[in-house]
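One letter stands for each residue in the lines below.
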Amino acid sequence: EAAVTQSPRNKVAVTGGKVTLSCNQTNNHNNMYWYRQDTGHGLRLIHYSYGAGSTEKGDIPDGYKASRPSQENFSLILELATPSQTSVYFCASGHGGASEQYFGPGTRLTVL
Amino acid sequence: TQTVSQSDAHVTVFEGDSVELRCNYSYGGSIYLSWYIQHHGRGLQFLLKYYSGNPVVQGVNGFEAEFSKSDSSFHLRKASVHWSDSAVYFCAVSATGANTGKLTFGHGTILRVHP
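Residues numbered from 1 in each chain as written. Chains lettered and ligands numbered in written order. Predicted model: local features only at pLDDT ≥ 70, side-chain atom pairs only at ≥ 80, totals over all residues. Heavy atoms only, no water.

Can you break down the state of the cysteines residue by residue, with the values?
Formally, a disulfide is one covalent bond, and it connects the sulfur atom of one cysteine to the sulfur atom of another. Residues and elements named next belong to chain B. The final tally for this structure, using the stated rule, is 2 disulfides over all chains. Two residues share a disulfide in this structure: C23 and C91, whose sulfurs sit 2.0 Å from each other. Residues C23 and C91 are joined by a disulfide whose S-S torsion is about -65°; by sign, that bridge is left-handed. Taken as a pair, C23 in the loop between β3 (19-21) and β4 (24-26) and C91 in strand β10 (residues 87-95) lie far apart in primary sequence, 68 residues in all. By relative accessible area, which is 0% here, C23 ends up buried. Among the residues examined, C91 registers a relative accessible area of 0% and is labelled buried. (Disulfide = S-S within 2.5 Å. Helix = DSSP H or I, 4+ residues; strand = E, 2+ residues; numbered from the N terminus. Buried < 20%, exposed > 50% of the residue type's maximum accessible area, 1.4 Å probe, protein only.)

This is the structure in structure tokens:
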């Protein structure tokens, strides 16, 4: 069974603070993705990666950094969190191309 | 740039009814289309996809979708829904020819199935 886990599941941060969201996959997929989900916007791609050491900008990368230190792990970093980054964040993995993506359970981030 | 439109934000039916969730896309090149389901408080789960060949594709739990190039559509259907089908359904599109696998999602359709 494909498995993508995220931590933490819930996070409250203060404006201007640093936040790191972590994602781990045991699918041995090369590609990993970070999305945010907001009411009225569906899911939007923030960053993605082709493999260890690779990070690429998605559709809404401003205010976010990503890190892929290994095949299994992909982090999303908010260096200076803002209230507009309050959202639910999903990590996913996949083989790329036309293959389906496997999603984690999500992290609910609230920035006060 | 590809876009996806799901015209119905909410659909409400009764158990045993048939349902169709609409998806229209716009893109000038070759794409593949997929549907995902999200139960409350959970991550998205893959339902089905169309890449080429037979325009009617079968998915899990009795779902199917039909691709129409002329209508730029990929509507999802189920002949007889169950209360457990209540969820948010997302249509997604990705351009072929690249390994990115980047998905562009519609805004989602909330399906409520009354028992």
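Residues and numbers for the side chain of Q25(A), please.
All names here are of chain A. One can find Q25 in strand β3 (residues 19-25). Residue classification places Q25 among the buried residues on the basis of a relative accessible area of 1%. A distance of 3.1 Å separates the side chain of Q25 from the backbone nitrogen of N28, its partner in a polar contact. Residue contacts for Q25: discarding those within four places in its chain leaves A3, V4, M32, R68, Q71, E72 and S93. (Polar contact = N/O pair within 3.5 Å; in protein donor to acceptor, adjacent residues only side chain to side chain. Contact = heavy atoms within 4.5 Å.)

Any chance you could break down the sheet that holds strand β7 (residues 65-67) of chain A for me, citing the residues and the numbers?
Within a beta sheet, neighbouring strands are joined by backbone hydrogen bonds and run either parallel or antiparallel to one another. Residue and element names in this part refer to chain A. The 4 strands lie next to each other as β1-β3-β8-β7, forming an open sheet whose pairing is antiparallel. Single-partner strands in this sheet number two, and they are β1 (4-7) and β7. Mean inter-strand twist for the sheet, computed between neighbouring axes without regard to direction, equals 20°. Across 6 bridges, β3 lies against strand β8 (residues 73-78) in antiparallel orientation. (Pairing = 2+ DSSP bridges. Axes fitted to C-alpha atoms, helices over the stretch in contact; angles between N-to-C directions.)

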